[in-house]
Structure formats: structure tokens, C-alpha cells
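These are the residues of each chain, in order.
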Amino acid sequence: MKNFILLTLLIGLCGQALALTPEEQGLQIVQEVDRRDIGFGDSQSDMKMILRNRRGDESIRVLTMKTLEVQGDGDKSLSVFSKPRDIKGTAFLSFTHALVPDEQWLYLPALKRVKRISSSNKSGPYLGSEFAFEDLTSFEVSKYIYKYLRDEVFNEVDCFVVELYPQYKHSGYTRQVTWIDKARYIPLKTDYYDRKNSLLKTLENKHYKQYLGQYWRAGEMLMTNHQNGKSTVLLWENFSFRNGLTDRNFDRNTLKRSR
């Protein structure tokens, strides 16, 4: 009987020693999200951007996006607008980095010049949408500190709820709270809090499809701004992967050649 009691105490102590802190658990969850999306190589897709004001009036933009996976660093992406006519040819190039400031450039065909986006201006709106420039970079684990908050059901899906704290000083957010599908390890919803720690925006990712038997991509992303009543919808289609894209498809000269 004494041996049984001793064994029970030892098991309890070992369990306490192995228990993860909320910070460790949050990091572990996000690392699994990241691990499951490694290895896609490159991708290309078409996207429709729908901007809505507080009255429900809409304006529509159409663009293509190319992404190059970079091992050991953040991804590179190139977006080129084809509609409407007044912004046709506008192109946005982004080099995401894990620990140093991202590099971003915007080509404005009307001015025939490439404008570099300042690292202190990443919180600004992306071409009038409710997405900020910093929302459109690839996700890198080391950019944030994490904290597991709780388990919760969102839209009938069991989720982990994890809080993210940006480590780069020019972020427009004090924190983000994201709901991650436990089964597929994909983000379903994210709340963004502004520099005053007030709820600013909510992003909902919908209509996921799986590609190459592994990689999940949302067909719709809805960003709602709670403070100004505006919203932006991104509708994605025609995803293709491993197209043979290289660094040459993502240099600054590519911006001017893009059509």
C-alpha cells in the first residue's frame, strides 16, 4: 500500500514537471500550424477584393498573386492588379523576414515609379482596404510571443484560442487573438487589437480547400473593421502550386514588367 501511494505521488510530481505553461503551449500549437504548411514551394492564385463602406456600397478589384516559399526566412509575394482600369498594373512586392523588418515595395503605373513602404508604415491600409500592409506578409513564428488562452468551439469547430503579441515595434496591433482548428491546425478567426488595446478588426477565414493532400487555403477572407464600419472580402480561386517560380520572379524589376 505504501509503495502504491509513493508511486502515485511520483506520477503526480512528474505530471506537474511536464506540464506546459500557457506560453509554451501557445508556441507549440503555432509551431504545428507552421510545420503543416512547409514544403509547398511556390503558389499562384487569382483574387477578387471587395471593399464595402458602412452603407454597404461596394467597389471591386481583381488581381493575381504569386508566392515563393523561402527556406529559413519569410516568403516572397507579388500581387498585380488587373481591374479596375484606374489601378491596372499596380503591383505590390513583399519580402517577409522572421527577425528583421520586412521589405515591401509598391509600383504605381500612373507615376511610373516604385515606392518603398517604410517599416514604420506597415500598419497603414493596403490600397484603401481594411487589410494593413503587415496583414499581407507570410506568417513567421518568431515574429510573435504566444499564449494559450483556452479551448473553445467556433462555428461548430473545436478550436485552440491563442493570443499573439507582436515583437516588432512598428506593428499597428498590441495583440491578436486567433481561433485555430484543432483537427486541421488552420486559423478560422482572428481578432486584432489596436495600440490602445481596443478591438479594431476581425478576420474570418472560410471555405478552406486542401491542395497536394496537405496544404489548406481559404477561399474567402472577411476582414471587418469594428471602429469604422467598413469591411473587405478577399475571394480566392485557381490555386496552383510548384509552378517553377524562382527569385527572379520576385525582384524589383519584376514590378515594372508586371501586367
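Everything that follows concerns the structure shown earlier in this document.
Definitions and cut-offs
- Every chain is numbered independently, its residues counted from 1 as its sequence is written.
- Where local features are concerned, this predicted model is filtered to residues with pLDDT of at least 70; where side-chain atom pairs are given and counted, the filter is 80 or more; whole-chain, interface and lining totals use all residues.
- Remark: hydrogens and water are excluded; side-chain values derive from all non-hydrogen atoms of the structure.
- In DSSP terms, a helix is any run of H or I states spanning at least four residues, a strand is any run of E spanning at least two, and both are numbered starting from the N terminus.
- Relative accessibility under 20% of the residue-type maximum defines a buried residue, over 50% an exposed one, and the middle range a partly exposed one, all with a 1.4 Å probe and only protein chains included.
- Contacts were defined at the residue level, with two residues in contact if any of their heavy atoms lie within 4.5 Å.
- His is not counted, nor are the chain ends; Lys and Arg add positive charge and Asp and Glu add negative charge.
- By convention, the point assigned to a charge is CZ for Arg, NZ for Lys, CD for Glu and CG for Asp.
- Think of it this way: a Phe, Tyr or Trp ring, Trp meaning its six-membered ring, pairs with another when their centres are within 6.5 Å, and the plane angle makes it stacked under 30 degrees, edge-to-face over 60, tilted otherwise.
- Note on geometry: a ring has a charge over it if NZ (lysine) or CZ (arginine) is within 6 Å of the ring centre and within 35 degrees of the ring normal.
- Strand pairing is assigned whenever DSSP identifies at least 2 bridges connecting the two strands.
- Salt bridges are identified by distance alone: a Lys or Arg side-chain nitrogen within 4 Å of an Asp or Glu carboxyl oxygen.
- In this description, a nonpolar core means a group of buried Ala, Val, Leu, Ile, Met, Phe, Trp, Tyr and Cys residues linked to one another through side-chain atoms lying within 4.5 Å.
- Any helix carries an expected span of 1.5 Å times its number of residues minus one.
- When we speak of the arc, we mean the arc of directions from the helix axis to the C-beta atoms.
- The term polar contact refers here to a pair of N or O atoms within 3.5 Å; inside protein, the definition further demands a hydrogen-donor-capable atom paired with an acceptor-capable atom, and it admits residues adjacent in sequence only when both atoms are side-chain atoms.

1. Some points on the overall build of the protein
Helix and strand content of the protein: three helices and 13 strands. By residue count, 45% of the 259 residues in the protein fall in the buried class. Taking as baseline every contact in the protein between residues at least 6 positions apart, the subset at least 24 positions apart corresponds to 45%. The positive charge centre, built from 39 side chains, and the negative charge centre, built from 32, are 7 Å apart in the protein.

2. So, the packing of aromatic side chains
To describe a pair of aromatic rings, you give the distance between the ring centres and the angle between the ring planes. In this structure the tally under the stated criterion is 17 aromatic pairs. Seen in terms of ring centroids, Phe-95 and Trp-105 are 5.1 Å apart; in terms of plane orientation they differ by 75 degrees. Their pairing is edge-to-face. On the criterion of sequence distance, the pair formed by Phe-95 in strand 4 (residues 91-95) and Trp-105 in strand 5 (residues 103-108) is long-range, its members being 10 residues apart. Within the aromatic cluster, the residues linked to one another by ring pairs are Phe-40, Tyr-211, Tyr-215, Trp-236, Phe-239 and Phe-241. The residue whose ring lies beneath Lys-76 is Phe-95, and the NZ or CZ to ring-centre distance is 4.6 Å. We note Lys-201 situated over the ring of Tyr-192; from NZ or CZ to the ring centre the distance is 5.4 Å.

3. Here we look at the pairing of strand 8 (residues 157-166)
Most of strand 8 sits inside the fold, with seven of its 10 residues counted as buried. Sheet topology note: the strand 7 (residues 144-154)/strand 8 ladder contains 10 bridges and is antiparallel. In the strand pairing of strand 8, Asp-151 is matched with Phe-160. With antiparallel pairing between neighbouring strands as the criterion, strand 7 and strand 8 make up a hairpin whose turn holds two residues, including Asn-155 at a positive phi of roughly 50 degrees. Note that strand 8 and strand 9 (residues 175-181) share six bridges and pair antiparallel. Across the sheet, residue Val-162 finds its bridge partner in strand 9, namely Thr-178.

4. Concerning the environment of Gln-25
Structurally, Gln-25 can be placed in helix 2 (residues 22-35). Of the residues examined, Gln-25 reaches a relative accessible area of 24% and is grouped as partly exposed. Placed 121 residues apart in sequence, Gln-25 and Tyr-146 show a C-alpha to C-alpha distance of 8.3 Å. Setting aside anything within four residues of it in sequence, one finds Gln-25 in contact with Leu-20 and Tyr-148.

5. Quick look at the pattern of salt bridges
Inspection of every chain in the model, using the stated rule, returns 14 salt bridges. Between Glu-32 and Arg-35 there is a salt bridge whose closest N-O contact spans 2.7 Å. Placement of the pair is Glu-32 and Arg-35 together in helix 2, with a separation of three residues, close to one helical turn. In this structure, Glu-32 and Arg-36 form a salt bridge, with 2.8 Å as the shortest nitrogen-oxygen distance. Put simply, Glu-32, Arg-35 and Arg-36 are held in one network by salt bridges that share partners.

6. Structural notes on the nonpolar core
Ranked by internal contacts, the top residues of the largest apolar core, which has 37 residues, are Met-49, Tyr-126, Phe-131, Met-221, Leu-234 and Trp-236. Listed by contribution, the elements that provide at least two residues to this core are strand 1 (42-52), strand 2 (58-68), strand 8, strand 9, strand 10 (187-193), strand 11 (199-211), strand 12 (215-225) and strand 13 (231-241).

7. Structural notes on helix 2
Across its 14 residues, helix 2 extends 20 Å between first and last C-alpha, which sits within 8% of the 20 Å expected from 1.5 Å per residue. Among the residues of helix 2, those classed as buried are Gly-26, Ile-29, Val-30, Glu-32 and Val-33. Down the axis of helix 2, the buried side of the element spans an arc of 155 degrees, and every buried residue falls inside it.

8. So, the environment of Gln-210
Here Gln-210 shows up in strand 11. The residues contacting Gln-210, other than those within four sequence positions of it, are Tyr-215 and Trp-216. In terms of polar contacts, Gln-210 uses its side chain to reach the backbone carbonyl oxygen of Gly-213, at 3.5 Å.

9. Focus on unusual backbone geometry
Trans is the common state for peptide bonds, and a negative phi is the common state for residues other than glycine. Along the chain, Lys-83 connects to Pro-84 via a cis peptide bond; the corresponding omega equals 0 degrees. On the secondary structure map, Pro-84 appears in the loop between strand 3 (76-83) and strand 4. Of note, the phi angle at Asn-197 is positive, near 65 degrees, even though the residue is not glycine. Within the secondary structure, Asn-197 is located in the loop between strand 10 and strand 11.

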